[in-house]
Amino acid sequence: MEITNRATAAENSLNDMAQNDDLRFPIGKFNAPGEITPEMRGVFIETIRNLPQTLADSIKNLNDEQLDTPYRPAGWTVRQTVHHVADSHLNAYTRFKLALTEDAPTIRPYHEDRWAELADSRLPLDVSFKIIEGLHARWSNLLESMTDEDFARKLVHPDSGEWTLEKMLAQYDWHSRHHTAHITSLRERNDW
């Protein structure tokens with residue numbers, strides 16, 4: 001039975017890879033929509049609001065060995081991925097607040113790959129879930145209060161140029177779903 005399950009898991013993994021041969025992008029790469037409607041914004045905000053629960057559901061009942069499994073060869077572990085979401089979304093929230101209170105601020109990038117190797121990325125996940133829960137409650141509240149003019153405000157990324165907050169919102173909708181899919185697709189491939 002175990003051999004059959006491993007064979008089936010390997011076959012499923014190959015099928016998944018055939019459908020999406022790059023495990024780094026289980027939902028595809030980010031492509032900013034040309035026009036973002038108020039309805040689309042509402043969907044993006046809902047993703048931000050619901051991420052703490054969606055992410056918690058994605059890791060439900062995983063043991064430490066599973067949490068310390070990379071979602072792809074040479075990729076982050078599930079644990080590192082969850083801690084990365086906390087790091088990344090803290091930065092995003094701060095960038096939103098800077099853009100709302102300053103004129104087209106230039107934001108500071110960070111080395112997410114290096115952050116993922118620091119000691120705090122090996123902590124139990126409840127530490128980052130506390131951050132994600134509080135942060136997303138505040139962030140979704142801020143987003144719901146924003147006007148069309150607020151979403152048109154800009155910031156400058158030194159590497160990728162000028163971004164509107166509307167485009168940033170679309171990116172973090174994608175980012176939330178992207179990292180959740182890293183975990184859920186790993187679970188599917190491994191039949192967890």
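This text follows the structure it describes.
Residues numbered from 1 in each chain as written. Predicted model: local features only at pLDDT ≥ 70, side-chain atom pairs only at ≥ 80, totals over all residues. Heavy atoms only, no water.

**Brief notes about the overall build of the protein chain**
Reasoning step 1: When you go through the protein chain residue by residue, the secondary structure sums to eight helices and two strands.
Reasoning step 2: In the protein chain, the succession of α and β elements from N to C terminus is α-α-α-α-α-α-α-β-β-α.
Reasoning step 3: Counted over contacts in the protein chain with a minimum sequence separation of 6, partners at least 24 positions apart contribute 77%.
Reasoning step 4: Just so you have it, the protein chain exposes about 10800 Å², and 50% of that area is on carbon and sulfur atoms. (Helix = DSSP H or I, 4+ residues; strand = E, 2+ residues; numbered from the N terminus. Contact = heavy atoms within 4.5 Å. Areas by Shrake-Rupley, 256 points an atom, 1.4 Å probe, with all protein chains shown as cover.)

**Section: helix α6 (residues 125–145)**
Reasoning step 1: The end-to-end C-alpha distance of α6 is 30 Å, a good match for the 30 Å that 21 residues give at a rise of 1.5 Å each.
Reasoning step 2: For α6, the full list of buried residues reads Leu125, Ser128, Phe129, Ile132, Leu135, His136, Trp139, Ser140, Leu142 and Leu143. Projected down its long axis, α6 carries its buried residues within an arc of 160 degrees, all on one side. Facing away from the buried side of α6 by over 90 degrees, the exposed positions are Lys130, Arg138 and Asn141. (Expected span 1.5 Å × (residues − 1). Buried < 20%, exposed > 50% of the residue type's maximum accessible area, 1.4 Å probe, protein only. Arc of directions from axis to C-beta.)

**Let's talk about the side chain of Ser140**
Reasoning step 1: Residue position: Ser140 is located in helix α6.
Reasoning step 2: Of note is the side chain of Ser140, whose polar atom sits 3.3 Å from the backbone oxygen of Ala137.
Reasoning step 3: Other than its neighbours up to four places away in sequence, Ser140 contacts Ile45, Ile48 and Arg49. (Polar contact = N/O pair within 3.5 Å; in protein donor to acceptor, adjacent residues only side chain to side chain.)

**Quick notes on the environment of Ala104**
Reasoning step 1: Within the secondary structure, Ala104 is located in the loop between α4 (78–101) and α5 (112–115).
Reasoning step 2: By relative accessible area, which is 36% here, Ala104 ends up partly exposed.
Reasoning step 3: Separated by 59 residues in the primary sequence, Ala104 and Trp163 have C-alpha atoms spaced 9.0 Å apart.
Reasoning step 4: Beyond its immediate chain neighbours, meaning those up to four positions away, Ala104 contacts Lys154, Leu155 and Val156.

**Topic: unusual backbone geometry**
What you tend to see is this: most non-glycine residues have negative phi, and most peptide bonds are trans.
Reasoning step 1: Of note, the phi angle at Asn61 is positive, near 70 degrees, even though the residue is not glycine.
Reasoning step 2: Locating Asn61 in the fold gives a position in the loop between α2 (38–59) and α3 (64–67).
Reasoning step 3: A residue is classified by how much of its surface remains accessible, and Asn61, at 68% relative accessible area, is exposed.
Reasoning step 4: Positive phi outside glycine occurs at Ala104, with the angle close to 45 degrees.

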